[in-house]
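Chain and residue survey
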Amino acid sequence: MSVEATRSPQRFRWWSVPWPVWLVAGLMVAGLLSLSGAYGFHGDEMYFVVAGQHPAFGYVDQPPLTPLLSAASVAAFGVSPTAVRILPALEMALVVIIVGFIARDLGGSRRAQALAAATAGVSGYLGAGHMNTTTELDLLVWAAVIWLLVRVLADGDRRLWVVVGVSAGIGLENKDTLLLLAAGLAVGVLLCRRWDVVRSPWAWAAAIIAAVIWMPNLAWQATNGWPQLTMASQIAGYAETNRAQVLPLLWLFTGPLLFPICIAGLVWVLASRTAVPWRPLGIAALAAMTVNLIIGGKAYYAIGNVPLFMAAGGIILDRWIARGHQRLKTGAFSAAAVASGGMIALLTLPVLPVADYAKTTLPATVPDVANQIGWPQFVAAVDEVVAGLPPAQRDHAVILTNDYSEASPLILLGKGLPPVYSGHNSYWSWGPPPAERTVVVHVGDWRPTNWAQYFTDCRDVAHIDNRLGIDNSEQDMPVTVCTGTRASWATMWPALRTIS
């Protein structure tokens, strides 16, 4: 198959990509949903559901969109991991399709579009699609905005800036990291002297539209003392660790064996004369990464730029294949894609039976997967402690947890338990226990403050055991019974707040 000539984006119907692109996306959704219930929830997923059941324009640690969508998913499909993972599976499949769109609009052939989509389909997007967090929708919005910018920067319809603004506004109601892309784009536009963008009223309209959509969350943050700034400062406390993880994560996310495709795509965007219209986006990616390194944000905060380089890399790969030995080169790419995708699946998806998984080193390597295991045993251990309380104490009992990952499963998966509270993140803002609840079943360790000082007597009565020997975040955590509060809950509650 020969490489098609570069063509203007306007000549395509926007949804027109070859069938292999749709096939890769469909296979991704099918694979993710088939594994969605293999282990269990992640603690963050359950937290988002509970947060969404307390509707607000914002939360201590994120804007409102993911919590609200998570609660809606559970309301529609019931309390199960699969229910909350339908949306992330679809979101990552849409990213795959958008990568095909970008390759097409960069001038790539049909084969280039398919190669780019295949690269995305076996990349870190595959692992991301297994969990329902703020990251998946964030990755989708980055991909969509980049695709729209590819079109508009190549003399496309300037009215697309309105769609850019709406998309960015929706993204900011999910995660603030899209500001990194905005900052990077400003740098790219100025360095590339794209004065047409600076002068365009449509571009400024996009910024205004995004700000207006974002405004409810900003108002909530301002009203509540900007807790997300406190959260950001907590994250920045791990800046050195975050910075050290950037390159390894880029290598893994773009594909352990396919990362040269993204590198080739980056070089093409920055150096090729054909890619001049899109050079601001290449510079934007580097600028966004640089800003994130400076502020010490998490390693994945600016990783949403990679669809552009996967798409451009698909074009370079297509040209390399077209030079000769096409079957050999296509076979080599296919083998590398299967091996690379297999490695990512092994690291991030529940592909092993849980008993076999427990015997490997994977729980220590990728804690996010290990933390999906053991929630039924966790809830059962707390339920057993509550059941063992004398009736008089049980009637006045409350469950207090160290963090939201411990409170949320007790609310969603527990039956007949006392009311559950926590001082962690948004749980604290939902208020203290009733005054008459003076017997505390505390779950988790005592950090960062030893809350035991607020009670006259505390004793450990059980420890969490997932019965598989998997050393995840809850394994061997104590369950403590405390009696005799030294002050009222209203007095103690301010001291029990933790943002982390």
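Data block above holds the structure.
Below you will find a few notes about this structure. Since the structure is predicted, the reported quantities are computational estimates derived from the model, not experimental observations.

**Details of the overall build of the protein chain**
On a plain count of helices and strands, the protein chain comes out with 25 helices and five strands. Relative to its length of 500 residues, the protein chain is compact, with a C-alpha radius of gyration of 25 Å against a globular reference of 23 Å. C-alpha extents for the protein chain along the principal axes are approximately 80 × 50 × 40 Å. The proportion of buried residues among the 500 residues of the protein chain is 55%. If you take every contact in the protein chain between residues at least 6 apart in sequence, the share linking residues at least 24 apart comes to 77%. By element, 65% of the accessible surface of the protein chain is carried by carbon and sulfur atoms, the whole surface being about 20800 Å². In the protein chain, 31 positive and 30 negative side-chain charges are present, and the distance between their average locations comes to 16 Å.

**Examining the pattern of salt bridges**
Across all of its chains, the model carries nine salt bridges by this definition. Salt bridges sharing partners connect three or more residues here, namely D155, R158, R194 and D196.

**Examining the side chain of D318**
Relative to the elements of secondary structure, D318 occurs in helix 16 (residues 306-322). Accessibility expressed as a relative area gives 0% for D318, which makes it buried. Looking at D318, its side chain comes within polar contact range of the side chain of S109, at 2.7 Å.

**Section: the state of the cysteines**
Taken as a whole and assessed by the stated rule, the structure comprises one disulfide. With a sulfur-sulfur separation of 2.1 Å, C458 is cross-linked through a disulfide to C482. Classification of the bridge connecting C458 and C482 rests on its S-S torsion, roughly 115°, and on that basis the disulfide is right-handed. Within this pair, whereas C458 is found in strand 4 (residues 455-463), its partner C482 is found in strand 5 (residues 478-485), the two being separated by 24 residues in sequence. By relative accessible area, C458 is classed as partly exposed at 28%.

**Here's the deal with the pairing of strand 5**
Across a regular strand the side chains alternate sides, sitting on one face of the sheet and then on the other. For strand 5, the tally of buried residues reaches six of eight residues, placing the bulk of the element in the interior. Note that strand 3 (residues 439-443) and strand 5 share four bridges and pair antiparallel. Considered in strand 5, the bridge of V441 is made with V481. Across seven bridges, strand 4 lies against strand 5 in antiparallel orientation. In the strand pairing of strand 5, D457 is matched with T483.

**Quick notes on the environment of A380**
Of note, A380 is situated in helix 21 (residues 375-387). Exposure remark for A380: the relative accessible area of 34% places this residue in the partly exposed category. As for A380 and V74, which are separated by 306 residues in sequence, their C-alpha atoms are 22 Å apart.

Rules behind the numbers
- Residues numbered from 1 in each chain as written.
- Predicted model: local features only at pLDDT ≥ 70, side-chain atom pairs only at ≥ 80, totals over all residues.
- Heavy atoms only, no water.
- Helix = DSSP H or I, 4+ residues; strand = E, 2+ residues; numbered from the N terminus.
- Rg over C-alpha atoms; globule rule 2.2 N^0.38 Å.
- Buried < 20%, exposed > 50% of the residue type's maximum accessible area, 1.4 Å probe, protein only.
- Contact = heavy atoms within 4.5 Å.
- Areas by Shrake-Rupley, 256 points an atom, 1.4 Å probe, with all protein chains shown as cover.
- Lys, Arg positive; Asp, Glu negative; His and termini not counted.
- Charge placed at Lys NZ, Arg CZ, Asp CG, Glu CD.
- Salt bridge = Lys/Arg side-chain N within 4 Å of Asp/Glu carboxyl O.
- Polar contact = N/O pair within 3.5 Å; in protein donor to acceptor, adjacent residues only side chain to side chain.
- Disulfide = S-S within 2.5 Å.
- Pairing = 2+ DSSP bridges.

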